[in-house]
Amino acid sequence: METLKSARKGNSGEDGSDLSEQIKAATKENHVRAENTQLMLSYQKGQITLPQYKVLLCSLYEIYKALEEELDRNSSHPAVAPIYFPQELARLESLERDLEYFFGQGWKKRVIVPAATHRYTQRLRKIGQKNPELLVAHAYTRYLGDLSGGQVLGKITQKSLGLSSKEGLSFFSFPGVSSPNRFKQLYRSRMNSVELTEEEKAAMLEEAVEAFELNIQVFDDLQKMLSVATETDQSKSSLAATRFPASPILQVTVGLCVALATIGAAMNAL
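Predicted model, so just to flag it, every value in this text is computed and none were measured.

S.K.: How should the packing of aromatic side chains be read in this particular structure?
M.R.: Within a pair of aromatic rings, the relevant descriptors are the distance that separates the centres and the angle that separates the planes. Summed over all chains, the structure comprises ten aromatic pairs. A centroid spacing of 5.0 Å and a plane angle of 90 degrees characterise the contact between Tyr-61 and Trp-107, whose relative ring orientation is edge-to-face. A residue pair is termed long-range when its members are at least 10 positions apart, and Tyr-61 in helix H5 (residues 50-73) and Trp-107 in the loop between helix H7 (92-103) and helix H8 (115-130) qualify at 46 residues. By relative accessible area, Trp-107 is classed as buried at 6%. The ring of Phe-103 has Lys-54 lying over it, and the distance from NZ or CZ to the ring centre is 4.8 Å. One residue, Arg-91, lies across the ring of Phe-174, its end atom 3.7 Å from the ring centre.

S.K.: Please clarify how the pattern of salt bridges should be interpreted in this entry.
M.R.: Oppositely charged side chains can pair when the atoms bearing their charge come close. Within the structure shown, the criterion is met by seven salt bridges. One salt bridge connects Glu-207 with Arg-123, and the closest N-O pair in it is separated by 2.6 Å. Taken together, the positions of Glu-207 in helix H11 (residues 198-243) and Arg-123 in helix H8 put the pair 84 residues apart, joining distant regions of the chain. Among the residues examined, Glu-207 registers a relative accessible area of 4% and is labelled buried. Exposure remark for Arg-123: the relative accessible area of 25% places this residue in the partly exposed category. Residue Asp-146 is joined to Arg-142 by a salt bridge in which the shortest nitrogen-to-oxygen separation is 3.3 Å. Here Arg-142 and Asp-146 lie together in helix H9 (residues 135-161), a separation of four residues that amounts to about one turn. For the pair Asp-146 and Arg-142, a shared accessibility class is recorded, and that class is buried. Through salt bridges with shared partners, a single ionic network connects Lys-65, Glu-69, Glu-70, Arg-73 and Arg-125.

Basis of the calculations
- The written sequence of each chain sets the order in which its residues are numbered from 1.
- Confidence filtering applies because this is a predicted model: local features only for residues at pLDDT of at least 70, side-chain atom pairs given and counted only at 80 or more, and all residues used for totals across whole chains, interfaces and linings.
- Water and hydrogen atoms play no part in the side-chain values, which are based on all heavy atoms of the structure.
- Here the aromatic set is Phe, Tyr and Trp, taking the six-membered ring for Trp, and pairing holds for ring centres within 6.5 Å; pairs whose planes are under 30 degrees apart are stacked, those over 60 apart are edge-to-face, and all others are tilted.
- We count a stretch as a helix when DSSP gives it H or I for four or more residues in a row; a strand needs E for two or more, and each element gets its number in order from the N terminus.
- Only protein chains enter the calculation, and the probe is 1.4 Å; a residue is then buried if its accessible area is under 20% of its type maximum, exposed if over 50%, and partly exposed in between.
- To sit over a ring, a charge needs its Lys NZ or Arg CZ within 6 Å of the ring centre and within 35 degrees of the ring normal.
- By definition here, a salt bridge exists when the distance from a side-chain nitrogen of Lys or Arg to a carboxyl oxygen of Asp or Glu is within 4 Å.

In structure tokens form, the structure reads like this:
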């Protein structure tokens, strides 16, 4: 419960009266923890792999699908309307283009996400139904984070994966935002204009902390999923090589089939 205590402390006014500043203060520790997950450290080192990027895209797709559908449905809500910028910020179509680039036209059937991603989307659906004002915390956390690091992370991804063009990197591009810094200022100003009671503001800070925690859980689950798949692929490939020394094609086919079956079982168990 330490994170929720820090959120309440951030509401005391010590870090400024603006909601954006209070959220920044309340989530400072969580932000650092998110940056130090194994997946994010791989990014910082410029060592992101194609499997890491592909599973990340799958989870981001499910998360943004839930977030943007709930924002669309609640676009006239007094707390949501000021920060509703679908033309400038919407990520869903960009993610669909990236997924089709890497998985092909049947990409929807190949999207696999861990349990943490499902928990995240369920939370977004729940507050969209019962407490739409809390969507502001998730939108702020996700969109401004993407705007802040989008250009850098896009370049790291392109270099790490050896991509010769921007195809597969649409998620990092915001063609509707000419100046990320100016737009972030506008977004914070709009968010700070939202009228909230003290109780609603406290709930908003706690939800911002929860948003970071959900993201951390997603990053950790994705890394675990990749680790299990890698270990299984290695062990099964070794077994296949022992049993089928005369047929390299058959070795690869059996190894892939076993790995895919294991991933499916792992997803059901999460």
